[in-house]
Amino acid sequence: LAVPLLLSEQFKLDHPVALQSFEWAHRIIAGSLGVVLFAWIVNAQRAQHRARVRARLWEQSIESMKVGVALWDAGDRLIGCNDAYRALYSEVTDQLVAGKTYRELMTAYFDVAPAEVVDGRTLDEFISDGERRRRRGSEVSEVVRHHRGRWLLMTDCRTANGGIISFRSAVTEP
């Protein structure tokens, strides 16, 4: 039944009725695709906006903490830290930038750290002590001597992707 209709004169593309029907079908399909694309773009923009708002909330929350917080990736490179963390390591604040490795930061800190922090250790011992503490388990806490008579509670927690989130809080007042 369909074959004779397709072979008939009115279904040939050069026939005015068929051509007009084809043009209308093309317009409907193009219009529908346009509406779908527009809806997809609007939804994607809304999702991006919600993600930016959530990220800002997290950032503001971490910045408002009095506890120093730093996030490290699986390659031990700094992703970011809050102002409280920077204040604890004020001697190397300018070095606390994304992409710096833990070893690079420890080396920079060793060069300017007060004597009571270095405590007679060599650079390799200083770095090894820090790395050993960080790599000991999924969550490691230790109270260590800082400077100006302060002691810090240092907690390093392994993240699901192999990175580390570090928390630093003074357990004595300056």
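Further up the page is the structure itself.
Residues numbered from 1 in each chain as written. Predicted model: local features only at pLDDT ≥ 70, side-chain atom pairs only at ≥ 80, totals over all residues. Heavy atoms only, no water.

*Asks:* Looking at this model, I keep getting lost on the overall build of the protein chain. Mind explaining?
*Replies:* Scanning the protein chain from terminus to terminus reveals 6 helices and 5 strands. Summed over all atoms, the accessible surface of the protein chain reaches about 11,600 Å², with 61% contributed by carbon and sulfur. (Helix = DSSP H or I, 4+ residues; strand = E, 2+ residues; numbered from the N terminus. Areas by Shrake-Rupley, 256 points an atom, 1.4 Å probe, with all protein chains shown as cover.)

*Asks:* Help me understand the sheet that holds strand 5 (residues 164-170) in this model?
*Replies:* The strands making up a sheet are joined through hydrogen bonds of the backbone, oriented either antiparallel or parallel. The antiparallel open sheet is built from 5 strands, whose spatial order is 2-1-5-4-3. Two strands in the sheet have a free side with no partner beyond their single neighbour: strand 2 (78-81) and strand 3 (139-145). Strand after strand, the sheet turns through a mean of 20 degrees between neighbouring axes, direction not considered. Pairing between strand 1 (residues 68-72) and strand 5: 5 bridges, direction antiparallel. Bridging across to strand 5, Val69 finds its partner in Phe167. Helix-sheet contacts for helix 6 (residues 123-135) involve strand 1, strand 3, strand 4 (151-158) and strand 5, and the interaxial angle to strand 4 is about 50 degrees. (Pairing = 2+ DSSP bridges. Axes fitted to C-alpha atoms, helices over the stretch in contact; angles between N-to-C directions. Contact = heavy atoms within 4.5 Å.)

*Asks:* Help me out: how do you make sense of the nonpolar core in this one?
*Replies:* Proteins that are soluble and globular tend to have nonpolar side chains buried together. Residues Trp72, Tyr85, Tyr89, Leu96 and Tyr109 are the most contacted members of the largest nonpolar core, which totals 24 residues. Within the residue set of this core, elements represented by two or more residues are strand 1, strand 2, helix 3 (83-88), helix 4 (102-112), helix 5 (115-118), helix 6 and strand 4. For this core, the element with the highest residue contribution is helix 4, accounting for 6 residues. Look past the residues within four positions of Tyr89 in its chain and what remains in contact with it is Leu96, Tyr109, His146, Leu152, Met154 and Arg168. (Core = buried A, V, L, I, M, F, W, Y, C linked by side-chain atoms within 4.5 Å. Buried < 20%, exposed > 50% of the residue type's maximum accessible area, 1.4 Å probe, protein only.)

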